[in-house]
Amino acid sequence: MNPRPSIPEAATPASAILLVVAACFLFSFLDASAKYLVLQGMAAPFVAWARFAIHLVLVALMLRVWTNLAALRTGNLTGQILRGAFLFGSTVFNFIALQTLQLAETIAIAFFSPMLTVALAGPLLGEWAGWRRWLAILVGFVGVLIVTRPGFGDFKVGYIFSFCFVVCHTLYIIMTRRMGASESSESLIFYSALTPALFMLPVVPLYGSIPQSALHWGLLLVTGLCGALGHWLLIKAYKQATTAALAPYPYSQIVWMIGLGWVAFGDLPDLWTMVGAGAIVASGLYILHREHKLRLASRAMLGADERELAKKL
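Residues numbered from 1 in each chain as written. Predicted model: local features only at pLDDT ≥ 70, side-chain atom pairs only at ≥ 80, totals over all residues. Heavy atoms only, no water.

Enquirer: Can you lay out the environment of alanine 23 for me, pointing to particular residues and giving the numbers?
Expert: For alanine 23, the location among the structural elements is in helix 1 (residues 14-39). By relative accessible area, which is 0% here, alanine 23 ends up buried. It is 8.8 Å that separates the C-alpha atoms of alanine 23 and glycine 227, two residues lying 204 residues apart in sequence. Excluding its chain neighbours within four sequence positions, the residues that come into contact with alanine 23 are Gly230, Leu233 and Leu234. (Helix = DSSP H or I, 4+ residues; strand = E, 2+ residues; numbered from the N terminus. Buried < 20%, exposed > 50% of the residue type's maximum accessible area, 1.4 Å probe, protein only. Contact = heavy atoms within 4.5 Å.)

Enquirer: Lay out the nonpolar core with the relevant residues and their values.
Expert: If you look at the biggest cluster of nonpolar residues, it comprises 69 residues, and the most contacted ones within it are Val47, Trp49, Phe95, Phe111, Leu220 and Leu246. If one sorts the elements of this core by residue count, helix 1 sits on top with 13 residues. Once you skip the residues sitting within four places of it in the chain, tryptophan 49 turns out to touch Phe88, Pro196, Ala197, Met200, Leu201 and Val204. By size, the runner-up hydrophobic cluster in this structure holds 11 residues, among which are Val59, Val65, Ile189 and Phe190. (Core = buried A, V, L, I, M, F, W, Y, C linked by side-chain atoms within 4.5 Å.)

Enquirer: How would you summarise helix 8 (residues 185-199) if you had to cite specific residues and measurements?
Expert: Across its 15 residues, helix 8 extends 21 Å between first and last C-alpha, which sits within 8% of the 21 Å expected from 1.5 Å per residue. Among all positions of helix 8, only Ser187, Leu188, Ile189, Phe190, Tyr191, Ser192, Ala193, Thr195, Pro196 and Ala197 are buried. Tucked into the core, helix 8 has its buried residues touching helix 2 (44-63), helix 3 (77-97), helix 7 (158-179) and helix 10 (214-240). (Expected span 1.5 Å × (residues − 1).)

Enquirer: If you had to explain a nonpolar patch on the surface to someone new, which residues and values would you point to?
Expert: There is a patch of nonpolar side chains on the surface, built from Met62, Leu225, Leu229 and Trp232 and spanning about 350 Å² of accessible area. No other element matches helix 10, which puts 3 residues into the nonpolar patch. Assignment of secondary structure puts leucine 229 in helix 10. (Patch = residues over 30% accessible without salt bridge, like charges linked within 9 Å, V, L, I, M, F, W, Y side chains within 5 Å. Areas by Shrake-Rupley, 256 points an atom, 1.4 Å probe, with all protein chains shown as cover. Salt bridge = Lys/Arg side-chain N within 4 Å of Asp/Glu carboxyl O.)

Enquirer: Got a sec to walk through the packing of helix 3 against helix 8? Specific residues and values, please.
Expert: A pair of packed helices is characterised by two quantities: the angle between their axes and the separation of those axes. Remark: helix 3 packs on helix 8, axes separated minimally by 8 Å, with the N-to-C direction vectors making an angle of 65 degrees. One element, helix 3, and the other, helix 8, form an angle in the roughly perpendicular class. The crossing of helix 3 and helix 8 is right-handed. Seen from helix 3, the contacting residues are Leu77, Gln80, Ile81, Arg83, Gly84, Ala85, Leu87 and Phe88; seen from helix 8, they are Ser187, Leu188, Tyr191, Ser192, Thr195, Pro196 and Phe199. Taken together, the residues that form the contact of helix 3 with helix 8 break down as 9 nonpolar, 5 polar and 1 charged. (Axes fitted to C-alpha atoms, helices over the stretch in contact; angles between N-to-C directions. Parallel < 35°, antiparallel > 145°, perpendicular 65-115°, else oblique. Left-handed = near helix turned anticlockwise from the far one by under 90°. Nonpolar A, V, L, I, M, F, W, Y, C, P; charged D, E, K, R; others polar.)

Enquirer: How would you sum up the packing of aromatic side chains? Please name residues and give values.
Expert: As enumerated under the stated definition, the model contains 7 aromatic pairs in all. Each ring, one from phenylalanine 88 and one from phenylalanine 199, has its centre 6.0 Å from the other, and the planes form 65 degrees; the classification is edge-to-face. Here phenylalanine 199 lies in helix 8 and phenylalanine 88 lies in helix 3, a separation of 111 residues in the sequence. The aromatic ring of phenylalanine 265 is capped on one face by lysine 35, whose charged end is 5.3 Å from the ring centroid. One residue, arginine 51, lies across the ring of phenylalanine 52, its end atom 4.2 Å from the ring centre. (Phe/Tyr/Trp six-rings, centres within 6.5 Å; stacked < 30°, edge-to-face > 60°. Lys NZ or Arg CZ within 6 Å of the ring centre and 35° of its normal.)

Enquirer: A description of the side chain of threonine 91 should follow, citing residues and the corresponding values.
Expert: Within the element layout of this structure, threonine 91 appears in helix 3. Residues in contact with threonine 91, not counting those within four places in the same chain, are Ala48, Arg51 and Phe52.

Enquirer: Got a sec to walk through the packing of helix 3 against helix 7? Specific residues and values, please.
Expert: Between helix 3 and helix 7, the least distance of the axes is 8 Å, while the angle of their chain directions is 155 degrees. With respect to each other, helix 3 and helix 7 are oriented roughly antiparallel. The hand of the helix 3/helix 7 crossing is left-handed. On the side of helix 3, the interface is formed by Gly79, Gln80, Leu82, Arg83, Phe86, Leu87, Gly89, Ser90, Phe93, Asn94, Ile96 and Ala97, while helix 7 contributes Gly158, Phe161, Ser162, Cys164, Phe165, Cys168, His169, Leu171, Tyr172, Met175, Thr176 and Met179. Across the contact of helix 3 with helix 7, the residue classes break down as 14 nonpolar, 9 polar and 1 charged.

Set out below in structure tokens:
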């Protein structure tokens, strides 16, 4: 019996890469629209609620939930609610941060989320990182300090809200990873929109405001449309390629955020923001590289065990 030859990893399909890049553009346009609306006086919690309410309607239409209610059944309703609450918290904190921060600043800090995910995956999921990845996490945190520069210059309160966004988003990702094996994709995307929409419904009268112009109505609709379509594109992308293969491409979002920030608000990031963002991106890419090597090493060990077994058969 001859040992089975190792199978090289397939190249990432160009269509999957384009889907991720397109999703990142939509998420950037969502943030730019939300920033414009909150700067025009709309309350951030109301904009966030409207974003998820519109998202919920669109997801229900795309999934045609009235014809396939079985796909929405969940064995972990508490987990679905908690996951949706984390997603809503990340959205509200991000929209509040956008009142005082540039788009490029918020996305630079948001890029720290993969490092925080690796750090928290140990105590929460039992997936402990080695010293090299911990060193990369430290470099990423230094990058956050470079962007925010606490104690130097003008520290903006938006940095605190932006870091709260990162924490909520990280917990949302960890909950998604924990529940992904037992819950359907349809239920995950549906409840992630339903929970936030219902969660803030009682307080809408406190924060609600009627858009003052057609532009405001349009941008409010854009937030929900970009959110729903962006998540749909990501689902399509991850059906064509692995998470690891596509992981570097969301970093392209900083290009969209800088461009939209300049076109819409006349904002350009300063040198320190770009240096800090570079450190965060570099540390994130190293973590991805390290995890890729560990996966290859694990496959090689499995292949060696199979070859030893083949010799005995």
